[in-house]
Amino acid sequence: TQQKGHLIVQKTTIPSGDQTEFTTNLLDSAGNVISSGPVTESTDKNYEVTPGTYSVTETVPTGWEQTGNTCTNVAVGAAETKTCEITNTKYGSITIVKDALPNSSQNFDFDFATTGNGLSNFSLDDDNTDATLSNTKTFNNLSPGSYTVTEASGDFVSWALTDLVCTDPSNDSSVDKTNRKANINLAAGENVTCTYTN
């Protein structure tokens, strides 16, 4: 009887400490799923296997992306224990809020330009009569990185940008009121909200 080995799958989450459960799938050398099981950052998955070469994939939950996997083509011998790691990074979000003062039923649309993967140009309208445009825009499922949002300066010459504030849990985003720009440094799992007051 051939002695079996073990393939231990460890989970790393960014940010650390998250206890989301991920479903892992053990694949044989032909790519067939031969077993499945859960793993969290604090609970490894220990697969008992016959000697051979294995890979591990996972079902990635909504709101996460896989950013590392050392569990590909891992050779496990008889009575041998191998350990591999799958890393997942939590997506973040950016919300832009338009606050026009004083509140008015008149239709004023404010245009915004953006940079960064997952963002696109958009318009906001802070009034109580036109339901075409909202006064907020949220971008979800964003990877950690640098983003910018800039309000167009020539939309309405009668409107002045009087305040620009970004609420950032890590406090490393900045604002440039002169150029109407929010410089957002989005960390893993972060939700940043920037409010433009005109």
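Data block above holds the structure.
Let me sum up the structure you'll find in this document. None of these values were measured; they are calculated from a predicted model. (Residues numbered from 1 in each chain as written. Predicted model: local features only at pLDDT ≥ 70, side-chain atom pairs only at ≥ 80, totals over all residues. Heavy atoms only, no water.)

Under the counting rule described, the total for this entry stands at two disulfides. Across the disulfide, Cys71 is cross-linked to Cys84 (sulfur-sulfur distance 2.1 Å). Between Cys71 and Cys84, the S-S torsion sits near 100 degrees, and that sign places the bridge as right-handed. A residue pair is termed long-range when its members are at least 10 positions apart, and Cys71 in the loop between strand S6 (64-69) and strand S7 (74-76) and Cys84 in strand S8 (residues 81-90) qualify at 13 residues. Comparing Cys71 with Cys84, the two get one shared label, buried. A disulfide bridge connects Cys166 with Cys194, and the sulfur atoms are separated by 2.0 Å. (Disulfide = S-S within 2.5 Å. Helix = DSSP H or I, 4+ residues; strand = E, 2+ residues; numbered from the N terminus. Buried < 20%, exposed > 50% of the residue type's maximum accessible area, 1.4 Å probe, protein only.)

Within the secondary structure layout, Asn121 lies in the loop between strand S10 (109-115) and strand S11 (122-125). A sequence separation of 32 residues divides Asn121 from Ser153, and the C-alpha atoms of the two residues are 14 Å apart. The contact partners of Asn121, leaving out residues within four places of it in the chain, are Phe112, Ala113 and Thr114. Polar side-chain contacts of Asn121 include one of 3.0 Å to the backbone nitrogen of Thr114. (Contact = heavy atoms within 4.5 Å. Polar contact = N/O pair within 3.5 Å; in protein donor to acceptor, adjacent residues only side chain to side chain.)

Within the secondary structure, Lys98 sits in strand S9 (residues 92-99). Given the relative accessible area of 1%, Lys98 is considered buried. Of note is the side chain of Lys98, whose polar atom sits 2.5 Å from the side chain of Glu151. Contact partners of Lys98, with chain neighbours within four places excluded, come to Phe110, Phe112, Leu124, Asp126, Asn135, Glu151, Tyr196 and Asn198.

Strands pair in a sheet through their backbones, by hydrogen bonds, and they do so in one of two ways: parallel or antiparallel. The strand order S11-S10-S13-S16-S15 describes an open sheet built from five strands, whose pairing is antiparallel. Both edges of this open sheet fall to S11 and strand S15 (174-176), since each of them pairs with a single strand only. Shown here is a sheet whose adjacent strand axes are inclined to one another by a mean of 25 degrees, direction ignored. Strand direction decides the pairing type here: S15 and strand S16 (residues 181-186), joined by three bridges, are antiparallel. From the neighbouring strand, Asp176 faces S16, where its bridge partner is Lys181. (Pairing = 2+ DSSP bridges. Axes fitted to C-alpha atoms, helices over the stretch in contact; angles between N-to-C directions.)

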